[in-house]
Amino acid sequence: MTRSSVLAALLAAVAAAAFTASASGWGSSKPGAACDGVILRERSGTQDGYRVVLGVVSVPRAYNRQVVRSNEAAWPWWRKAGLVVRGGAPTVTVSVPPAWRRRAAITWGSGGPAAVVRIPSCPRSSPDPEEPWDAYSGGFYLRSSSACVPLLFRVGGRSATVRFGLGRRC
């Protein structure tokens, strides 16, 4: 089963939990994914058009066409997109830049819309050395039906800004 099909199957459960989260206080840092929140193991960080950032984070492709309506009043648009982290990597912090926090929010692992999500360092969880990447469910919330959203990724002392075309190209 591919990452796409497993993530699609989990969309309903994730969306139901995420869409019912309160928008108040969303701008605070959320704990993000716990090590037991891994939904899938992957062989590569570049499957399904994903891009590897800072050597340990695998992020969605640059252009993500489909954005759908959500049930979250404060965030009426949603784009499901998993995040994949190499097992054993240091803590990964993903943040929406301050200038974008009224236009976009993120979620991976547990919790609702957030400006910052932290994914803790987790030991390699797969006994199969051919599947060193751990996948987490989540995605993007938007105030409008499309945007070119920048996210800041930090791992240790390194950082990188990555843009995501959601409903339109950047």
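Read on for a plain summary of the structure.

1. Some details on the nonpolar core
- Counting residues in each nonpolar core, the largest one holds 35 residues, and the members touching the most others are Val-57, Leu-151 and Phe-153.
- Where this core is concerned, the elements lending two or more residues are β4 (57-59), β8 (83-86), β9 (92-95), β10 (104-108), β11 (116-119), β13 (138-142), β14 (147-155) and β15 (158-166).
- The residues touching Leu-151, leaving out its near neighbours within four places in the chain, are Val-94, Ser-95, Val-96, Pro-97, Ile-106, Trp-108, Phe-140, Ala-160, Thr-161, Val-162 and Phe-164.

2. A closer look at the side chain of Ser-70
- Locating Ser-70 in the fold gives a position in the loop between β6 (68-69) and β7 (77-80).
- Take Ser-70: its relative accessible area is 12%, and that puts it in the buried class.
- Separated by 3.1 Å, the side chain of Ser-70 and the backbone nitrogen of Glu-72 make a polar contact.

3. Remarks on the pattern of salt bridges
- Scanning the model with the defined rule gives 1 salt bridge in all.
- Between Arg-41 and Asp-134 there is a salt bridge, and its shortest N-O distance comes to 3.4 Å. One end of the pair, Arg-41, is in strand β2 (residues 40-42); the other, Asp-134, is in strand β12 (residues 133-136), with 93 residues separating them in the sequence.
- By relative accessible area, which is 2% here, Asp-134 ends up buried.

4. Quick look at the state of the cysteines
- With the rule as written, the count across this model stands at 1 disulfide.
- A sulfur-sulfur distance of 2.0 Å marks the disulfide that ties Cys-148 to Cys-170. One quick way to see it: the torsion about the S-S bond of Cys-148 and Cys-170 is about 115 degrees, and its sign makes the bridge right-handed. On the criterion of sequence distance, the pair formed by Cys-148 in strand β14 and Cys-170 in the segment after β15 is long-range, its members being 22 residues apart.

About the thresholds
Residues numbered from 1 in each chain as written. Predicted model: local features only at pLDDT ≥ 70, side-chain atom pairs only at ≥ 80, totals over all residues. Heavy atoms only, no water. Core = buried A, V, L, I, M, F, W, Y, C linked by side-chain atoms within 4.5 Å. Buried < 20%, exposed > 50% of the residue type's maximum accessible area, 1.4 Å probe, protein only. Helix = DSSP H or I, 4+ residues; strand = E, 2+ residues; numbered from the N terminus. Contact = heavy atoms within 4.5 Å. Polar contact = N/O pair within 3.5 Å; in protein donor to acceptor, adjacent residues only side chain to side chain. Salt bridge = Lys/Arg side-chain N within 4 Å of Asp/Glu carboxyl O. Disulfide = S-S within 2.5 Å.

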